[in-house]
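Given next are the chains, with one letter for each unit.
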Amino acid sequence: MFKGLRWRLLLYYLMVMAAILSVFGAGVYVFLTQSLYQQLDKKLQTLAQSAAPSFTEVEVKGSQYIEQVDEVPWRDIFNRDKQSLEWFDDQGKLLARRGAIVLTFPPKLGSLTLELPETSEPIRTFTISVFKDTSKPSQPSLEGYIRASQSTEDVEIVQSQLFWGLGMGGMIALGFVGIGGLWLTQKALEPIEKSFKKLKQFTADASHELRSPLTAIKASVDVMRNHPERIHPKDAKKLVAIASATDQMSHLAEDLLFLARTDAALSIPTRKSVPISLNTVLHNLVELLESFAQDKQITLEYHGLTTVSVIGDEGQLTRLFSNLLENALQYTPPQGKVVLTVAKQNRYALVMIEDTGIGIAPEHQPFVFDRFWRADKARSHRERGTGLGLAIAQAITHSHGGKITLTSQVGVGSCFQIRLPLV
Ligand SMILES: Nc1ncnc2c1ncn2[C@@H]1O[C@H](COP(=O)(O)OP(=O)(O)OP(=O)(O)O)[C@@H](O)[C@H]1O
Ligand SMILES: [Mg+2]
């Protein structure tokens, strides 16, 4: 129980941490990518601005002027293999170009990312406008545009390194978080596990200790009932009530003790594990309950299979099926029907207990195997009952490596299915 809870807690913890790390990683990635592009834009803007003073010369001399690479003022910051500078007139017509990148797009002010149609390589461009020196600075007149461009290859390399770095870093961090989480969940569950163990021990001890006084009361009541002449007639009824209440309490103490013991021994195999013929167990049970069914005017049918055997404890298996059969008979009104069927399904023995009883509402079905759970409808049907019968049935099925399931419809009936591994 705690193992499953521990893994579930760890999974939730990892999911939360993964979400936090992803948001953090995405934030860092977006922020750094943006700042890389801002840096590139700044570089291109500086290059375009340094080429601006030579605009008139380029306009007059054209390409001739730009060929004098050693003299141009931008020579120190211009990388002609990776960058490109273009001069346009005020109509956007290309005047001259210097550099490796050839763009056919018209200039557009500001920064822009374009894709070269031939190579589909992304290019970042930055375009500035150049104004003529006029006598009136308040009325500048447009002379043309200068566009500086560069491939975003370098930025993309850094971007991909960043992506993988953050991804791998996140994975490694998640691994450490997992190890830390394992330790944390263990520490957090330790006290709960301890107190749960104590509680189970207490239940086992308490029910064990209750047995002796209950046996003593029972024995005394039996002695008194064997000598009715010594009892005042008015007390006879009280004695019957005491005997019945003592029976009920012994039953409850036995059930609690059984559950406490199976809780402790869930991981170890049942003590008496021998091949058991299911047909024998079920046949004996049906014979035993036949008269109870007749009294209640319920038809009890049995469709057995002689070849089905399972490994287990005969006493426990009898208890499992008697709990289910008793329920079927108790929660089925007169003239109803209870059918017990045995079948083989792959490597499993399948036992089905069907009834035409009061049924269990869908919202109640998840709780039927809980300890002390009883539907209100069941209480009106049968006052006695502790709500431990199905919890015991489930514990026995699980300790035998099996599975118990339920299908039910209110007013139509219920069907409990038990699958146990075949010999
Ligand atoms: N065949 C059934 N048809 C309808 N309701 C059922 C059936 N079997 C179980 N239930 C419901 O599930 C509840 C739990 O059953 P369970 O056998 O654990 O307890 P109980 O029969 O009330 O008491 P006891 O511990 O004495 O068996 C019942 O109170 C009843 O509401
Ligand atoms: Mg019951």
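Higher on the page you've got the structure.
Draft legend 1. Representation of the packing of aromatic side chains within the structure. Applying the stated rule across the entire model yields five aromatic pairs. Ring geometry for F2 against F196: centres 5.4 Å apart, planes inclined by 70°, an arrangement best described as edge-to-face. Linking F2 in helix α1 (residues 2-51) with F196 in helix α4 (residues 153-226), this pair joins segments that are 194 residues apart in sequence. Residue classification places F2 among the buried residues on the basis of a relative accessible area of 11%. Taking relative accessible area as the criterion, F196 reaches 29% and is therefore assigned partly exposed. Among the aromatic residues, ring-to-ring pairing joins Y29, F163 and W164 into one connected group. Here the guanidinium or amino end of R319 rests over the ring plane of F258, the centre of that ring lying 4.4 Å away.

Draft legend 2. Seen up close, the sheet that holds strand β5 (residues 141-151). With antiparallel pairing, five strands are arranged side by side in an open sheet as β2-β1-β5-β4-β3. Of all strands in the sheet, those with a lone pairing partner are β2 (94-99) and β3 (110-115), marking the two edges. Each neighbouring strand pair of the sheet contributes to a mean axis angle of 20°, computed without reference to strand direction. Where strand β1 (residues 83-89) meets β5, seven bridges bridge the pair, whose relative direction is antiparallel. Paired with E86 across the bridge in β5 is R147. Strand contacts of α1: β1, β3, β4 (122-132) and β5, with the helix running at about 40° to β4, the strand carrying the most contacts.

Draft legend 3. Molecular detail of α4. When the terminal C-alpha atoms of α4 are compared, their 104 Å separation across 74 residues agrees well with the 110 Å that a helix rising 1.5 Å per residue should span. Along α4, the residues classified as buried are V155, Q159, L162, V177, G178, G181, T185, L189, A204, S207, L214 and V221. Elements in contact with the buried residues of α4: α1 and α5 (236-264).

Draft legend 4. Quick peek at the site of ligand 1. Close contacts around ligand 1 come from 21 residues, with N327, D355, R374, T386 and L390 the closest. D355 is positioned with one of its side-chain polar atoms (N or O) 2.9 Å from a nitrogen atom of ligand 1. A distance of 2.5 Å is found between an oxygen atom of ligand 1 and a side-chain nitrogen or oxygen belonging to R374. Burial of ligand 1 by the protein chains amounts to 95% of its free accessible area of 590 Å². For the shell around ligand 1, the elements supplying multiple residues, two or more each, are α7 (314-330), α9 (389-399) and β12 (413-421). Residue composition of the shell around ligand 1, by class: 11 nonpolar, seven polar and three charged.

Draft legend 5. Spatial organisation of the pattern of salt bridges. The tally for this structure, following the rule as stated, stands at 11 salt bridges. Residue D235 pairs with K238 through a salt bridge whose shortest N-O separation is 3.4 Å. We classify K238 as exposed; its relative accessible area is 51%. For the salt bridge of R319 with D255, the shortest nitrogen-to-oxygen distance reads 2.7 Å. Of this pair, R319 sits in helix α7 while D255 sits in helix α5; the two residues are 64 residues apart in sequence, bridging distant segments of the chain.

Rules used in this analysis
Residues numbered from 1 in each chain as written. Chains lettered and ligands numbered in written order. Predicted model: local features only at pLDDT ≥ 70, side-chain atom pairs only at ≥ 80, totals over all residues. Heavy atoms only, no water. Phe/Tyr/Trp six-rings, centres within 6.5 Å; stacked < 30°, edge-to-face > 60°. Helix = DSSP H or I, 4+ residues; strand = E, 2+ residues; numbered from the N terminus. Buried < 20%, exposed > 50% of the residue type's maximum accessible area, 1.4 Å probe, protein only. Lys NZ or Arg CZ within 6 Å of the ring centre and 35° of its normal. Pairing = 2+ DSSP bridges. Axes fitted to C-alpha atoms, helices over the stretch in contact; angles between N-to-C directions. Contact = heavy atoms within 4.5 Å. Expected span 1.5 Å × (residues − 1). Near = heavy atom within 4 Å. Polar contact = N/O pair within 3.5 Å; in protein donor to acceptor, adjacent residues only side chain to side chain. Areas by Shrake-Rupley, 256 points an atom, 1.4 Å probe, with all protein chains shown as cover. Nonpolar A, V, L, I, M, F, W, Y, C, P; charged D, E, K, R; others polar. Salt bridge = Lys/Arg side-chain N within 4 Å of Asp/Glu carboxyl O.

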